[in-house]
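What the coordinates show
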Amino acid sequence: MSSRPGLERVLVLEVARVTEAAAIAAARWRGRGDKEMADKAAVDAMRRELGRVHMKGRVVIGEGEMDEAPMLFIGEELGLQDGPEVDIAVDPLEGTTLCAEAEPNSLAVIAIAERGGLLNAPDMYMNKIAIGPGYPEGIVDIDASPGDNIRALAKAKGVAVGEITVCMLGRPRHKQIIEAVRATGASLRLIRDGDVAGVIWTTDPGETGIDMYLGSGGAPEGVLAAAALRCIGGQMQGRLAPELHSEKERPELIARAKKMGIPDIRRKYTLNEMASDDVIFSATGVTGGSLLDGVHFRGEFAETETVVMRAKTGTVRRIKTTFRDIGTKFAPV
Ligand code: VTB
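When cut into domains, the protein chain gives domain 1 (10-116 + 277-332) and domain 2 (125-274). Computed over C-alpha atoms, the centres of domain 1 and domain 2 are 24 Å apart. Each side of the interface is counted separately: domain 1 has 28 residues, and domain 2 has 21 residues. For the pairing of domain 1 and domain 2, the buried interface totals around 2,000 Å² over both sides, and the portion due to carbon and sulfur atoms is 67%. Scanning the region where domain 1 abuts domain 2 turns up four salt bridges. The partner of Lys 259 in a salt bridge is Glu 65, and the shortest N-O contact between them spans 3.8 Å. Inspection of the domain 1/domain 2 interface yields five residue pairs in polar contact (both at pLDDT 80 or more). Taken together, the residues of the side of domain 1 that touches domain 2 break down into 15 nonpolar, five polar and eight charged.

Here it is as structure tokens:
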């Protein structure tokens, strides 16, 4: 897969700790209607844990540019500075509204890769298509129509089109593509937020009922999802979508992308161009959902569920962790 030695496997447990801490911190804010505070709690906890890891880490996907985000900003150096050089992509609370309203599927998410292994995507929209593993390479394509993609997937799966389920963020901007999916007879699951989970769901349709992810969402979330698929398998393509931003925003976004190493904003990215070489991905559930259980608080104990995986070996671990003494370790707000 890679000519490089890959990431040290001990990092698997380290990154799991990082999302566990972020999820517990965010879970204190579940259902309290304050997504900013929920996000801040996750960011603080994630940053604190990252500071304890033996690595020379650099944030490539984070909370924003240095001037707009005090923590986990793009370019921030993290870790004890005595280990491997890694690039870090974070979404400390993916689905802030879901958490604030105690709705399912909010997650704490991180991916780490060897230097240069993650696409440095600006915070803008990306069009995405993803399917799970086990299909011939190239059966779906972001440039093909939703109808052609759905029919090709149904054929490869050996089922009728009506048995395919597509997942998409429910947004007015998706009106046309929603109509195109409906016209095929396929089923459509519209989600409110959280398209990292949406993409990952395609890797286990038997469990999640989702066969394909389509539509636009955040580019940073696209890279995180690509990192996960690189570990589990599956196919994904992405293309930045400046056309979904206002005319006023566009020139700035294009300039920012250039600065981040993307000269052609219309380029189609394959999964491996978004996440390459060895990658470790970890997600811990904040509110329970189809991918992961949420955090449970039981007196002085907290329980978390995490999925952590590594591209080099393709290992996928589900870790249930019990924390003691959370009153002192993870002080309540
Ligand atoms: C998605 C989703 C996020 O933003 O990327 C989405 O994964 C994209 O932006 O959870 P819009 O909300 O503008 O569609 C979130 O929904 C929220 O950050």
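Don't stop here, the text continues.
This part covers helix H8 (residues 219-232). Helix length check: H8 (14 residues) gives 20 Å between terminal C-alpha atoms against 20 Å at 1.5 Å per residue, within 8%. Burial runs high along H8: 13 of the 14 residues are buried. At the exit of H8 stands Gly 233, carrying a positive phi of roughly 105°.

This brings us to the site of the ligand. In the vicinity of the ligand, the contacting residues are Glu 94, Gly 95, Tyr 125, Leu 169, Arg 171, Arg 173, Asp 193, Gly 194, Asp 195, Gly 217, Gly 218 and Glu 221. With respect to the ligand, the side chain of Tyr 125 contributes an N or O atom lying 2.4 Å from an oxygen atom. Expressed as a share of its isolated accessible area of 410 Å², the protein-covered part of the ligand is 75%. Among the cavities detected, the one that contains the ligand is the largest pocket. Its residues placed into classes, the shell around the ligand shows two nonpolar, four polar and six charged.

The next subject is the packing of aromatic side chains. On inspection of all chains with the given rule, the structure shows zero aromatic pairs. Seen from the ring of Trp 29, Arg 32 lies directly overhead, with NZ or CZ sitting 4.4 Å from the centre. The ring centre of Trp 201 lies 4.4 Å from the NZ or CZ of Arg 189, which sits over that ring.

Attention now moves to the side chain of Asp 211. For Asp 211, the position within the fold is in the loop between helix H7 (205-208) and strand E8 (212-218). Only 2.7 Å separates the side chain of Asp 211 from the side chain of Lys 157, close enough to count as a polar contact. There is a polar contact of 2.8 Å between the side chain of Asp 211 and the backbone nitrogen of Thr 165. Ignoring anything within four residues of it in the chain, the contact list for Asp 211 reads Ala 130, Ile 131, Gly 132, Leu 153, Lys 157, Glu 163, Ile 164, Thr 165, Thr 202 and Pro 205.

Glancing now at helix H9 (residues 250-259). For an α-helix the count is 3.6 residues per turn, leaving residues at separations of three or four pointing the same way. Three or more residues of H9 are buried, namely Leu 253, Arg 256 and Ala 257. Down the axis of H9, the sector holding all buried residues measures 100°, keeping them to one side. In this structure, H9 carries Pro 251, Glu 252, Lys 258 and Lys 259 as exposed residues pointing more than 90 degrees from its buried face.

Another point: empty space enclosed by the protein. Empty space left among the atoms is revealed by rolling a probe the size of a water molecule over them. Inspection of every chain in the model, using the stated rule, returns one cavity of 30 Å³ or more. The volume enclosed by the largest cavity comes to roughly 30 Å³. If you go around the largest cavity, the residues you meet are Asn 105, Leu 107, Ala 197, Thr 287, Gly 288, Gly 289, Leu 291 and Leu 292. Of the residues contributing to the lining of the largest cavity, the split by class is four nonpolar, four polar and no charged.

The rules behind each value
Residues numbered from 1 in each chain as written. Predicted model: local features only at pLDDT ≥ 70, side-chain atom pairs only at ≥ 80, totals over all residues. Heavy atoms only, no water. Domains from an automatic or database assignment. Contact = heavy atoms within 4.5 Å. Buried area = accessible area lost by both parts, 1.4 Å probe. Salt bridge = Lys/Arg side-chain N within 4 Å of Asp/Glu carboxyl O. Polar contact = N/O pair within 3.5 Å; in protein donor to acceptor, adjacent residues only side chain to side chain. Nonpolar A, V, L, I, M, F, W, Y, C, P; charged D, E, K, R; others polar. Helix = DSSP H or I, 4+ residues; strand = E, 2+ residues; numbered from the N terminus. Expected span 1.5 Å × (residues − 1). Buried < 20%, exposed > 50% of the residue type's maximum accessible area, 1.4 Å probe, protein only. Near = heavy atom within 4 Å. Areas by Shrake-Rupley, 256 points an atom, 1.4 Å probe, with all protein chains shown as cover. 1 Å grid on protein atoms, 1.4 Å probe; cavity = no way out; pocket = protein on both sides within 12 Å on 5 of 7 lines; lining within 4 Å. Sits in = over half its atoms within 2 Å of the grid points. Phe/Tyr/Trp six-rings, centres within 6.5 Å; stacked < 30°, edge-to-face > 60°. Lys NZ or Arg CZ within 6 Å of the ring centre and 35° of its normal. Arc of directions from axis to C-beta. Points joined across faces, edges and corners; volume = space filled by probe spheres on them.

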